[in-house]
Amino acid sequence: MIGLPIAQLQIQKPGGADDCVSSNGFCPEWIAENIDRYWTPLLEHVYLTVAPVAIGFAISLALAIMAHRRRWLTGPVIAISGIFFAIPSVAAFFLLQPLTGLGYTTAMVALVSYTLLIIFRNITDGLRNVPAETRDAALGQGLTERQVLYRVEFPMAVPEIMAGLRIATSTTVGLAALAVFAGAGGLGAEILVDKRFKSNVVVAGGLAVLLAAAFDLMILGAQRAMTPWRRSRA
Amino acid sequence: MTSTYRKILVALAALCLMFGLAACGDDEADSGSTGDAATEDGGKAITKDPANASKGTIAVGSKNFTEQFILGEIYAQTLEAQGFKVRRRLNLGSEQVAYKALKSGSIDMYPEYTGTALTSFFKVKTADVPKDADEAYEQAKAEYAKNNITALERTPFQNTFIIASTKATADKADNPKTVTDLFANNPDLSISGFPECRQREDCLLGLRSEYGFKGKFVSSDGKFSDLDGGQSDLTLAFSTDPQLALTDKYAAYEDDKKFFPPYNITLGIRNDTAEKIGQEAVDKLVAVQENMDEEAMRELNRRVELEKQEPKAVAAAFLKEEGFTE
Amino acid sequence: MIAPGLAFLGDFGEAIKFIFQERESVSGGVQIGGIPELAGFTATHMYVSLAALAIAAVLAIPLALWLGHLGRGDFIATATSNVGRAVPSLALLAFFISFVGLGYTNVIAVLVLLAIPPLITNTYVGVRQVDRDTVDAARGQGLTGMEIVRKIELPLALPSIFAGMRTSAVNVVATATIAPLANVQTLGEPIITPQTYGFVGQLGASILVAVITLLVDFLFARLQRAVTPEGVKLARPAKARRRFSFPTKRSPKQA
């Protein structure tokens, strides 16, 4: 050791530390002090939820519009998206790695693939559940098929589509917690940083649940706003 | 349905409030340094050299546990204090991943244990690893050099495996001092270790063959949490674990057969990176770790693991307390 | 384009070899991989999954049948479905690890909790969809509540119940992959110990997990088809399906 170190590392006597934390209790004080370490993971988690659902919605919408005209497409699309749906996310995160490497791309591709079945099926069901009389009335008024689709069928299918979005979003929040296995971040990564520390697990897990609830309410709110004629029904 | 959602909204609002308050508040952990760092240390303080900023971004890596995070941060901040642009790639994962990243150039340096390097990268059998810390370091250094990597001087501390248990378990076993005695007289004790340990010769498999361990293996990285929760009787702790200082709670056993190889830290740095950053920067990287003995490392680990501070803050405090930075 | 393409096949080829052939571990000194070891992992995987599914079925289905019969479980059905969807499996497992501990009981408890929501929801909805007229007729004929459930509502709700079992089964088998975090060595073990098994091992285990889950999904889909009488397939009213905001056929996955 060269020279006499005047400045030195302060060694604290063990046992002097915060008792709640070192005995692994549930520590509200620690949580309040350290809550901002969860900020970045939370934002990452939001990204890992919103982006896949948005992309999944775009793809499903395109597929649903195609399948609306050509009914025979529905079966194959549901079958294929069903296969994606059944493959566990952890497995998918690894199966994709030879192709897309370790990181957010892999997580995105997998998460998008899970939303397809739910959203696609809900859009198609919503469109098909429009009563035939309504369609006929619209056609009778001189609207083209396309106009009927966009001005009548889609608006009437909004509840069903929104339901699909809500389910897809909640599911994706849950699956995004596993994105750590794909090399992405998120609240799941934060859980694994210290999966024995009770406060950490409760906060990270709790934030995920609250996030899902928040998204759920937002989409429900959007649905109510978009369908004023339905407000009288629960 | 609405009332549940209302409750959830209230909880969300409370959480937003907490986030807001935390953002405004001051959460600097007060560790209280000793005194003036400036005057007596003559040359210890790191100065910023503006020329370093243009030397490109240096990628500092680390593996994925507390000690590695701390060390990675210390090295990264040492470089930053000199004005280098640093990209952190901490949490790389296992040593295989880290070494691959180092060889390929994805990272420029990361801290590795001499014993791990020898057994994992250079295919030395556990039993053949030199028991002397310096010999092990020299051998690792020579092997690293063949791969165009410089292994900087080893740290004073080593972080080898130590078998530990609760004091209660030790008392029940009549307080054996060595691992041999422990296993010989108490064959039913279970031991917990990180999942990889189950299939490693320098871990569980070696314990079974060399020490005649007959008990159950619990695959978990809970270490002392496992002991506290009764999930296992013994655990494979690290010698720099802060809990080992709590001698009224836990007991450790001597590795009398010297089964575990030496595990000193050596910062492996790519030769081209070493040239790029210059000898002075390399010397600084060695200087900051000069006083890192077991006690110091245990203290740093304690701050992260028991006080739950962030490794980045702990590293910054370390550099400050040791007088390297302001 | 060709090089990454071949490399891609290479990894998968190696992974398949890993499944069938033993090889030395990455850290050296021990043989890993091959059918015997993977069969062991698979057996553990299926054991915890089946146990959890069975327990969840015994707990959830009778309860939901009765609630559906009474017509009183609307809130519970939607609430469990909402909460069940929102809780990430990893968070639940970590919660149990930190608060309860490690081991089989712990893991099975977590899996049971994850399996219950789809079972409750689908069973409940299945019973609610039974034509009220049929039930009233039966009541008029003097059948007791229990008999109505057993002889009329249960058989007619079977397709929905099996749809719920299908979802739960897939969720459970998928989540069992992360059980090694709690000292239960399922097929997830190679995935969380790459130093021993390497990326090839992780990939091989992932392939196995995917294949097994797909098989389970297929099996339950078949079972569901088998218990759906032709008439019911055609006549299911769309009205009941729309009242609840979740699809009865497939509830969201957990892992």
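Scroll up to find the structure this text is about.
None of the values given here were measured: they were computed from a predicted structure.

A. Inspection of a negative patch on the surface at higher detail. All names here are of chain B. Side chains of Asp 49, Glu 153, Glu 280 and Asp 283 sit close together on the surface and give a patch of like negative charge. By the secondary structure assignment, Asp 49 is in the loop between helix H1 (2–24) and strand S1 (57–61). Judged by relative accessible area, which is 36%, Asp 49 ranks as partly exposed.

B. Broad picture of the nonpolar core. Leu 48, Phe 93 and Leu 178 of chain A together with Met 165 and Ile 178 of chain C are the most contacted members of the largest nonpolar core, which totals 85 residues. Those residues in contact with Met 165 of chain C, other than ones at most four positions away along the chain, are Leu 53, Ala 57, Ile 61, Leu 119 and Phe 220 of chain C. If you look at the next biggest cluster of nonpolar residues, it comprises 59 residues, including Tyr 75, Tyr 263, Phe 318 and Phe 324 of chain B.

C. Just the packing of helix H4 (residues 74–86) of chain A against helix H7 (residues 104–128) of chain A, in detail. All names here are of chain A. As a packed pair, H4 and H7 sit with axes 7 Å apart at the nearest point and diverge in direction by 150°. As H4 packs across H7, the resulting crossing turns out to be left-handed. Listed contacts from H7 to Thr 74, Val 77, Ile 78, Ser 81, Gly 82, Phe 84 and Phe 85 of H4 are Ser 113, Tyr 114, Leu 116, Leu 117, Ile 118, Phe 120, Arg 121, Thr 124 and Arg 128. By residue class, the composition of the contact of H4 with H7 is nine nonpolar, five polar and two charged.

D. Spotlight on the interface of chain C and chain B. Counting from both sides, the interface comprises 22 residues of chain C and, opposite them, 21 residues of chain B. In this assembly, chain C packs against chain B so that about 1700 Å² is buried in total across both faces, 45% of it on carbon and sulfur atoms. Salt-bridge contacts for Glu 189 of chain C lead to Arg 198 of chain B; the nearest nitrogen and oxygen are separated by 3.2 Å. One can count six residue pairs in polar contact (both at pLDDT 80 or more) joining chain C with chain B. Elements with a minimum of two residues in the side of chain C that touches chain B: helix H2 (34–70), helix H3 (74–86), helix H8 (189–192) and helix H9 (194–226) of chain C. For the side of chain C that touches chain B, the element with the most residues is H9 of chain C, which contributes four residues. Tallied by class, residues from the side of chain C that touches chain B come to 11 nonpolar, nine polar and two charged.

E. Molecular detail of the sheet that holds strand S7 (residues 217–219) of chain B. Residue and element names in this part refer to chain B. Reading across the sheet, the five strands line up as S7-S6-S8-S5-S9 and stay open at both edges, with mixed pairing between neighbours. Each end of this open sheet is capped by a strand with a single partner; those strands are S7 and strand S9 (250–253). Looking at each pair of strands side by side, their axes are set apart by 40° on average, direction ignored. When strand S6 (residues 191–193) meets strand S8 (residues 234–238), the two strands line up parallel, connected through two bridges. By the bridge assignment for S8, Ser 192 is matched with Thr 235.

F. The interface of chain A and chain C, seen in detail. The partner chain C presents 46 residues to the 46 residues of chain A that form the contact. In this assembly, chain A and chain C are joined by zero salt bridges. Remark: the boundary between chain A and chain C carries zero residue pairs in polar contact (both at pLDDT 80 or more). Contributing elements (two or more residues each) for the side of chain A that touches chain C: H4, helix H5 (89–95), helix H6 (97–100), H7, helix H9 (145–176), helix H10 (187–193) and helix H11 (198–226) of chain A.

G. Up close: the pattern of salt bridges. According to the stated counting rule, one finds 26 salt bridges over all chains in the structure shown. Residue Arg 135 of chain A pairs with Glu 145 of chain A through a salt bridge whose shortest N-O separation is 3.7 Å. Taken together, the positions of Arg 135 of chain A in helix H8 (residues 132–140) and Glu 145 of chain A in helix H9 put the pair 10 residues apart, joining distant regions of the chain. The salt bridge partner of Asp 202 of chain B is Arg 200 of chain B, with a shortest N-O separation of 2.9 Å. The class of Arg 200 of chain B is buried, set by a relative accessible area of 7%.

H. Seen up close, unusual backbone geometry. All names here are of chain B. One non-glycine residue, Asn 175, lies in the positive phi region at around 50°. Here Asn 175 shows up in the loop between helix H6 (167–172) and helix H7 (179–185). A relative accessible area of 35% means that Asn 175 is categorised as partly exposed. Positioned with a positive phi, Lys 308 is a non-glycine residue whose angle comes to about 60°. For Lys 308, the position within the fold is in the loop between helix H12 (294–305) and helix H13 (311–321).

Criteria and cut-off values
Residues numbered from 1 in each chain as written. Chains lettered and ligands numbered in written order. Predicted model: local features only at pLDDT ≥ 70, side-chain atom pairs only at ≥ 80, totals over all residues. Heavy atoms only, no water. Patch = residues over 30% accessible without salt bridge, like charges linked within 9 Å, V, L, I, M, F, W, Y side chains within 5 Å. Areas by Shrake-Rupley, 256 points an atom, 1.4 Å probe, with all protein chains shown as cover. Salt bridge = Lys/Arg side-chain N within 4 Å of Asp/Glu carboxyl O. Lys, Arg positive; Asp, Glu negative; His and termini not counted. Charge placed at Lys NZ, Arg CZ, Asp CG, Glu CD. Helix = DSSP H or I, 4+ residues; strand = E, 2+ residues; numbered from the N terminus. Buried < 20%, exposed > 50% of the residue type's maximum accessible area, 1.4 Å probe, protein only. Core = buried A, V, L, I, M, F, W, Y, C linked by side-chain atoms within 4.5 Å. Contact = heavy atoms within 4.5 Å. Axes fitted to C-alpha atoms, helices over the stretch in contact; angles between N-to-C directions. Left-handed = near helix turned anticlockwise from the far one by under 90°. Nonpolar A, V, L, I, M, F, W, Y, C, P; charged D, E, K, R; others polar. Buried area = accessible area lost by both parts, 1.4 Å probe. Polar contact = N/O pair within 3.5 Å; in protein donor to acceptor, adjacent residues only side chain to side chain. Pairing = 2+ DSSP bridges.

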